[in-house]
Amino acid sequence: MPTEGHTGRKIIYDEDGKPCRSCNTLLDFKFATGKITSRTTITENTGSEADNVEKQELIPGSKSYYKVEPPDVVELGNSSWNLLHSITATYPSKPSEQKKAEMKQFLTIFSHIYPCSWCASDFQKFIEQNAPRVDSREDLGRWMCEAHNSVNEKLGKEKFDCNFWSKRWKDGWDQN
Ligand SMILES: Cc1cc2nc3c(=O)[nH]c(=O)nc-3n(C[C@H](O)[C@H](O)[C@H](O)COP(=O)(O)OP(=O)(O)OC[C@H]3O[C@@H](n4cnc5c(N)ncnc54)[C@H](O)[C@@H]3O)c2cc1C
């Protein structure tokens, strides 16, 4: 079992010793499961091309559902941030005590059940060190932006300017 993937990142394994789908990139997962080798030439869109080929094949007996692969760490992350920031965008500007408690509970539970285990444990640490600010939509929006930026920073990505969080996730860019 390789310790490093095609991208050079460490391969994460599940408790049962199998490579974890949602903790690795699709490329590294394919490498760890022997579908590609270190000699395989990767063109820029290999992953999505392979996906598209798989997506074109219908599930037996279905007219509408294709053989789409389970999400990797990138696709899972992207969908999850969509959900988290969208929840933030619809959080009340003046939440009741019950809403505040529910949001805190949700974030705690989310950080424990997130499918990428090493992402989850870092998110738990972030929450321990930076208690969710749930007193208003603006507070929560900025907190979520900072949480996302802590992952961006860890991955060597550019930080997002949190002054724009509500344009990106709530109002859109046409508003002043
Ligand atoms: C809780 C959590 C923890 C994660 N931990 C890891 C990890 O440890 N390792 C790992 O490899 N991946 C992790 N991920 C996935 C990672 O954050 C990305 O989602 C993934 O790499 C895909 O990145 P992307 O380039 O598609 O953009 P994403 O980071 O998914 O961002 C999507 C869009 O959100 C907007 N955006 C970006 N930053 C911010 C911000 N700070 N505030 C508001 N909007 C913003 C931008 O418009 C961007 O295009 C985690 C995801 C989540 C939800």
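All residue numbers here refer to positions counted from 1 along the written sequence of the relevant chain. Totals for whole chains, interfaces and linings use every residue, but because this is a predicted model, local features are given only for residues with pLDDT of at least 70 and side-chain atom pairs only at 80 or more, for both listing and counting.

Visitor: Would you take a moment to explain the overall build of the chain for this structure?
Guide: Of the regular secondary structure elements, the chain holds 7 helices and 0 strands. Note on conventions: DSSP H or I runs of at least 4 residues are helices, E runs of at least 2 residues are strands, and numbering of each starts at the N terminus. The order of α-helices and β-strands along the chain, N terminus first, is α-α-α-α-α-α-α. When the 176 residues of the chain are sorted by exposure, 18% land in the buried category. A residue is called partly exposed when the number of other C-beta atoms within 10 Å of its own lies between 12 and 20, exposed at 12 or fewer, and buried at 20 or more, with C-beta atoms placed from the backbone.

Visitor: Can you help me understand the UniProt feature "domain: ERV/ALR sulfhydryl oxidase" (unreviewed entry) in the chain in this one?
Guide: The UniProt record marks residues 69-169 with the feature "domain: ERV/ALR sulfhydryl oxidase" (unreviewed entry), using the residue numbering of this structure. For residues 69-169, helix accounts for 69% and strand for 0%, while the C-alpha atoms at its two ends are 27 Å apart. UniProt positions are given in the numbering used here, feature names are shortened, and annotations may be inferred rather than shown by experiment.

Visitor: Explain the packing of helix α4 (residues 97-113) against helix α5 (residues 117-129) here, please?
Guide: Two numbers describe a pair of packed helices, the interaxial angle and the distance between the axes. Each axis is a line fitted through C-alpha atoms, and for a helix only the stretch in contact is used; angles between axes span 0 to 180 degrees, taken between their N-to-C directions. Close contact between α4 and α5 brings their axes to 7 Å; oriented N to C, the two are set at 150°. Between α4 and α5, the crossing angle belongs to the class labelled roughly antiparallel. Touching Leu-107, Thr-108, Ser-111 and His-112 of α4 are Ala-120, Phe-123, Gln-124 and Ile-127, all from α5. By definition in this entry, angles of less than 35 degrees are roughly parallel, angles greater than 145 are roughly antiparallel, angles of 65 to 115 are roughly perpendicular, and the rest are oblique. Residues are defined as contacting one another if the C-beta atoms placed from their backbone atoms lie within 7 Å.

Visitor: I keep staring at the site of the ligand and nothing clicks. Help me out?
Guide: Using a C-beta atom placed from the backbone for every residue, we mark a residue as near a molecule or strand if that atom lies within 6 Å of it. Neighbouring residues of the ligand: 22 residues in total, closest Gly-77, Cys-119, Cys-145, His-148 and Phe-160. Listed by contribution, the elements that provide at least two residues to the shell around the ligand are α3 (73-89), α5, α6 (137-154) and α7 (165-171). It is α3 that provides the largest number of residues to the shell around the ligand, a total of 7 residues. The residue makeup of the shell around the ligand, split by class, is 12 nonpolar, 7 polar and 3 charged. The classification used treats Ala, Val, Leu, Ile, Met, Phe, Trp, Tyr, Cys and Pro as nonpolar, Asp, Glu, Lys and Arg as charged, and all other residues, Gly among them, as polar.

Visitor: How should the domain arrangement of the chain be read in this particular structure?
Guide: Bring the parts together and some accessible area is lost; that lost area is often taken as the interface size. Source of the domain bounds: an automatic or database domain assignment. According to the domain assignment, the chain contains domain 1 (1-70) and domain 2 (73-171). Listed as interface residues are 5 residues of domain 1 and, on the opposing side, 7 residues of domain 2. Residues that form the side of domain 1 that touches domain 2 fall into these classes: 2 nonpolar, 3 polar and no charged.

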